Amino acid sequence: MKLIHTSKGKKLYRDGDKLIKSFDESYSKAGILNEALNQARVEETSLNIPKVLGVEVIEGKWSLMWEYVEGDTLEELMQKHPEKTDEYLDFFVDLQIKMSKENVPLLGHLRDKMHAKISASAFPATVRYDLHVRLDGLPRHRKLCHGDFQPSNVIIAKDGTPYIIDWSHATQGNGSADAARTYLLFKLQQKDDLAEKYLKLYCTKTDTAIQYVQRILPIVAASQSVKNKPEEAEFLAKWVNVCDWT
């Protein structure tokens, strides 16, 4: 096996035509098995998804195995060809819209997940109450939501086929909430220009009012805050508290 990427609590290896993600003890078995189950369920859609090949304990660590997809991520392509950023962003939004048209009824609901995260956040009770009310006021959709849809999670294979990876946060729910999270991720990465272009393009293509997505941002920011990343705390608090609670 060849180590190809390391992140907090996880290591990625390539073993021939297989990709192996190895988790350390900070990850629960239930969470790891749920990630495999999410991806297996999404495989049944018309999207291109690397297939789950197995779940094993390797050298004492829970590990997931997928098909290895040779190619570059959209993020890498944007870095290599900055002059094509608008073209890649257009493709990215179209792919997200295609994804949101899929229905995977066995997935958990985004609304339930976000309610739990708001409750677990460190914001005052009054703020949490208002966030819960705002979340309950959103239209109840059953669209496929990725939960971490960003250019680094789209691989373009050698033949041009786009593969969407990392389905650990997949749910069914409001597609605009998924778009709000993508926008927030761009902002957290200090890609402000890209964030604004993305939001305008998404709203234009889906005929969605920008104000509608903006009303969801405090909810998404609160749910992101439970990751307890010190470098994000001040920024997320501003997003949660910036809204008009009337």
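Up top is the structure.
Throughout, a residue's number is its position along its own chain's written sequence, starting from 1. Reporting in this predicted model follows two pLDDT cut-offs: at least 70 for local features of residues, and 80 or more for side-chain atom pairs to be given and counted; totals over whole chains, interfaces and linings ignore these cut-offs and use all residues. Side-chain descriptors were evaluated using all non-hydrogen atoms of the structure, hydrogens and water having been removed beforehand.

Caption draft 1: Layout of the pairing of strand β1 (residues 2-7). Pairing between strands is defined by DSSP: at least two bridges between them are needed. Segments assigned H or I by DSSP are reported as helices when at least four residues long, segments assigned E as strands when at least two residues long, and all are numbered from the N terminus. Here β1 pairs with strand β2 (residues 10-15) via 5 bridges, running antiparallel. Paired with Lys2 across the bridge in β2 is Arg14. The hairpin turn running from β1 into β2, its antiparallel successor, is 2 residues long, and Gly9 in that turn takes a positive phi close to 80°.

Caption draft 2: Examining the pattern of salt bridges more closely. A carboxyl oxygen of Asp or Glu within 4 Å of a side-chain nitrogen of Lys or Arg is what we treat as a salt bridge. Counted under the stated rule, the structure contains 11 salt bridges. With its nearest N and O atoms 3.3 Å apart, the salt bridge here joins Lys80 to Asp72. Taking the relative accessible area as the measure of exposure, Asp72 reaches 23% and is therefore partly exposed. The shortest N-O distance in the salt bridge between Lys187 and Glu196 comes to 3.5 Å. In this scheme, a residue with accessible area under 20% of its type's maximum is buried, one over 50% is exposed, and one in between is partly exposed, where area comes from a 1.4 Å probe on protein chains only. The exposure class of Lys187 is buried, given its relative accessible area of 14%.

Caption draft 3: Seen up close, the sheet that holds β1. One open sheet accounts for 5 strands, arranged β1-β2-β3-β5-β4; its pairing is antiparallel. One side of each edge strand has no neighbouring strand; the edge strands of this open sheet are β1 and β4 (52-58). Adjacent strand axes in the sheet meet at a mean angle of 20°, parallel and antiparallel pairs treated alike. Of the pairings in the sheet, the one linking β4 to strand β5 (residues 61-67) comprises 6 bridges and is antiparallel in character. Looking at the pairing, Glu56 lines up with Ser63 of β5. Every axis corresponds to a line fitted to the C-alpha atoms, with the helix fit spanning only the stretch in contact, and the corresponding angles, defined between N-to-C directions, vary from 0 to 180 degrees.

Caption draft 4: Here's a closer look at the sheet that holds strand β8 (residues 154-157). Spatially, the 3 strands line up as an open sheet ordered β6-β8-β9, and their pairing is antiparallel. Where the open sheet ends on each side, the last strands, each with one partner, are β6 (71-73) and β9 (162-164). Across this sheet, the average inter-strand angle for adjacent strands is 30°, counted without regard to direction. By definition in these notes, contact holds between two residues if any of their heavy atoms fall within 4.5 Å. The sheet strands contacting helix α3 (residues 85-100) are β8 and β9, and the helix crosses β9 at an angle near 55°.

Caption draft 5: Up close: the packing of helix α4 (residues 110-120) against helix α5 (residues 125-136). As a packed pair, α4 and α5 sit with axes 10 Å apart at the nearest point and diverge in direction by 170°. Comparing the axis directions of α4 and α5 gives the class roughly antiparallel. Listed contacts from α5 to Arg111, Met114, His115, Ile118 and Ser119 of α4 are Arg128, Leu131, His132, Leu135 and Asp136. In this classification, Asp, Glu, Lys and Arg are treated as charged, Ala, Val, Leu, Ile, Met, Phe, Trp, Tyr, Cys and Pro as nonpolar, and every other residue, Gly included, as polar. Here the contact of α4 with α5 is built from residues that sort into 4 nonpolar, 3 polar and 3 charged. Here is the rule for angles: anything less than 35 degrees is roughly parallel, anything more than 145 is roughly antiparallel, 65 through 115 is roughly perpendicular, and the remaining ranges are oblique.

Caption draft 6: Helix α1 (residues 29-42), seen in detail. To estimate how far a helix should extend, the number of its residues minus one is multiplied by 1.5 Å. In this model, α1 (14 residues) spans 20 Å end to end at C-alpha, consistent with the 20 Å of a helix rising 1.5 Å per residue. Buried within α1 we find Ile32, Glu35, Ala36, Asn38, Gln39 and Val42. Looking straight down α1, one finds that the buried residues subtend no more than 155° of arc, so they occupy a single side. Picture the helix axis, draw a direction to every C-beta atom, and the arc is the one those directions span.

Caption draft 7: The side chain of Asn38, seen in detail. When you line up the elements, Asn38 lands in helix α1. Given the relative accessible area of 4%, Asn38 is considered buried. Those residues within four positions of Asn38 in sequence are excluded, and the remaining contacts are Leu107, Trp167, Ser168 and Ala170.

Caption draft 8: Inspection of the environment of Phe235 at higher detail. The topology assignment puts Phe235 in helix α9 (residues 230-241). Along the chain, Phe235 and Gln39 lie 196 residues apart, while their C-alpha atoms are 31 Å from each other. Aside from chain neighbours lying at most four places away, what touches Phe235 is Leu184, Lys187 and Leu188.

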